Amino acid sequence: MTPARPIPQPDEVTQPYWDAAKRGELVMQRCGSCQRWIFQPKLACPSCHSDELVWEPVSGNGTIYSFVKVHPPVLPAFKEKTPYLVVLVELAEDPGLRVLGNLLDHDTSAARIGHPVAVVYESLDDGVVLPQWQLTD
Amino acid sequence: MKRAAAVCGIGQTEFAKNIGRSEKRIAVEAIRLALDDAGLQISDVDGLVRFNIETSDEVDITGNLGIENLRYFGEVGWGGGAGCATITQAAMAVATGQAEVVVCWRARNRGSGGRPWAATGAGVPGHGQFSLPYGLVRPVDQIAMMARRHMFETGATEEHLGAVAVSFRAHALRNPLASMQKPMTLDDYLASRMVSEPLRKFDCCLESDGALAVVVTSVERARDLKQKPAVILAGAQGTGPEHTPMTNYHAPEFLKTASPYVAKELFARAGVKPADIDVAQFYDAFTPLVLLSMEEYGFCAKGEAGPLAAEGYLSWDGGKLPSNTSGGGLSEAYVHGFNLILEGVRQIRGTSTSQVAGAELSLVTSGAGVPTSAVILASD
Ligand SMILES: [Zn+2]
């Protein structure tokens, strides 16, 4: 049996993000007042302090902003995946809107900062769905 | 608070991979040694400030040392970010008359006690729900993400990171209490195994057991004690905006940690400039944090830290800003940066094993990548 992998434990603020992933959608919070995109999810807009935040779908396109290649020792759940890539993706909607994920391509050797990526969804055994990333042309 | 309080005593246990004694026991040992160093008695202590993750609390310490009453006790959060803030809190307590003799300490059996990240549970709440499920779990992974982007934006190279590790190892070789006593060349650094690319084993701090303590009192009282006072010229804390601890990837400026916010307050309160600093102890859990801190504390412009490190800027032997002169977290011991504070004090006393001649202003910084703090120590 594969050891338990850490999974998200949603709270009242983050629940819509993970619910959307189960529907195959990537959503982000946006300020209803100043229109700013917000991540990680918050109770109010850090820029204008409005609490009228809405969840909006995003394109799921972005570029690699930074990445790491993880080598052992790691948690037992990730051991078989090593070495694996964790990418920080800058979403097309806003240069400041960045989200983490894994690069799921079989060949990750082309990964570099600035390379375009698109969202894909990975279903885990326990019904959790994680937004993930693949290189695009 | 400026020049109101001073560090009058320091004490520490040995550093070891497995010290064989409990964190509580080594905490008490270090505090006793710090009081002896100052020439104070246990009965003089009326204040304590600790890391909030310290496993011994105020009651453990008062009970096991025999302190009748604490007039002031406080704690600071954020792991490695807390160190210098404990000293600042102690100085504030002294300056406002809450207490007269305040002890700050850190005792941590991180060498024998296992890696905190290895205890990651299945369900991840809070900030970590967006990072840990992707296997970005260890502190080295979290900092490597920043390091890669910093290298991309500034042109810093792995040789620049290696220069930090090599410089601090040379200082450790001069310090008999440092854990690492084997020389390190740049080739040794480059040959060490990858842990989280772009970072290698020798970019990472040690895994140590050990305890350290400092005693803070008024400058006036410190003058009558055994040691030369290390005056607390200024201390500051900061978070920066939209901070995400250890994965500070979502703030408006990616490569702006809490440090520049701390630096701005710190230098303004002290009334000095970075160029006035004689010796520095930069929080060095990982080498890229040193380059970032050199830039964020204003010692150089963004992009200049790597080349400066490679030219020997951080070296005791002829460098412009001798740094981590005891070997630091990379080569002396990693006790959440508390050993950096003691070394900052020794530089003011003139007792470092890599002493900067005539050092009058000594900077110590705490954790980068978390809400953090820093202090400037000065001669009286
Ligand atoms: Zn807004």
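Residues numbered from 1 in each chain as written. Chains lettered and ligands numbered in written order. Predicted model: local features only at pLDDT ≥ 70, side-chain atom pairs only at ≥ 80, totals over all residues. Heavy atoms only, no water.

Caption draft 1: Main features of the overall build of chain B. Scanning chain B from N- to C-terminus turns up 12 helices and 12 strands. For chain B, whose C-alpha radius of gyration is 19 Å, the value lies close to the compact-globule estimate of 21 Å for 380 residues. Structurally, chain B occupies a C-alpha span of about 55 × 50 × 40 Å along its principal axes. Counting every position in chain B, which comprises 380 residues, the buried fraction comes to 65%. Looking at chain B alone, contacts between residues at least 24 apart form 76% of all its contacts between residues at least 6 apart. With an accessible surface of roughly 12,900 Å², chain B has 50% of that area assigned to carbon and sulfur atoms. One finds the centroid of the 34 positive side-chain charges in chain B at a distance of 2 Å from the centroid of its 41 negative side-chain charges. (Helix = DSSP H or I, 4+ residues; strand = E, 2+ residues; numbered from the N terminus. Rg over C-alpha atoms; globule rule 2.2 N^0.38 Å. Buried < 20%, exposed > 50% of the residue type's maximum accessible area, 1.4 Å probe, protein only. Contact = heavy atoms within 4.5 Å. Areas by Shrake-Rupley, 256 points an atom, 1.4 Å probe, with all protein chains shown as cover. Lys, Arg positive; Asp, Glu negative; His and termini not counted. Charge placed at Lys NZ, Arg CZ, Asp CG, Glu CD.)

Caption draft 2: Summary view of helix α1 (residues 15–22) of chain A. Residues and elements named next belong to chain A. Buried within α1 are the following residues: Tyr17, Trp18, Ala20 and Ala21. An end-on view of α1 places all buried positions within 155° of arc, on one side of the element. Once α1 finishes, Gly24 follows within two positions and takes phi at roughly 80°, a positive value. (Arc of directions from axis to C-beta.)

Caption draft 3: Structural view of the coordination of the zinc ion. All names here are of chain A. On the protein side, the zinc ion has Cys31 (SG), Cys34 (SG), Cys45 (SG) and Cys48 (SG) as donor atoms, found 2.3 Å from it. The site at the zinc ion holds four donor atoms, and with the angles between them running 98 to 117°, its shape is tetrahedral. For Cys34, a relative accessible area of 35% translates into the label partly exposed. (Donors = N, O, S within 2.8 Å, 3.2 Å for Na, K, Ca; no water. Tetrahedral: all angles 85-135°; square planar, octahedral: opposite > 155°, others 65-115°.)

Caption draft 4: Broad picture of the packing of aromatic side chains. Per the stated rule, a full pass over the model turns up 11 aromatic pairs over all chains. On the numbers, 5.2 Å between centres and 80° between planes, the contact of Tyr17 of chain A with Phe130 of chain B is edge-to-face. Of this pair, Tyr17 of chain A sits in helix α1 while Phe130 of chain B is found in the loop between β5 (123–124) and α4 (139–154), placing the two residues in two different chains. Residue classification places Tyr17 of chain A among the buried residues on the basis of a relative accessible area of 2%. Taking the relative accessible area as the measure of exposure, Phe130 of chain B reaches 4% and is therefore buried. Centre to centre, the rings of Phe51 of chain B and Phe338 of chain B are 5.9 Å apart; their planes meet at 55°, and the pair counts as tilted. (Phe/Tyr/Trp six-rings, centres within 6.5 Å; stacked < 30°, edge-to-face > 60°.)

Caption draft 5: Layout of the environment of Ser50 of chain A. Residue and element names in this part refer to chain A. Within the secondary structure layout, Ser50 lies in the loop between β3 (37–38) and β4 (53–57). Spatially, the C-alpha atom of Ser50 lies 28 Å from that of Tyr65, the residues being 15 residues apart in sequence. Apart from the residues lying within four places of it in its own chain, the contact partners of Ser50 are Cys31, Ser33, Ala44 and Cys45.

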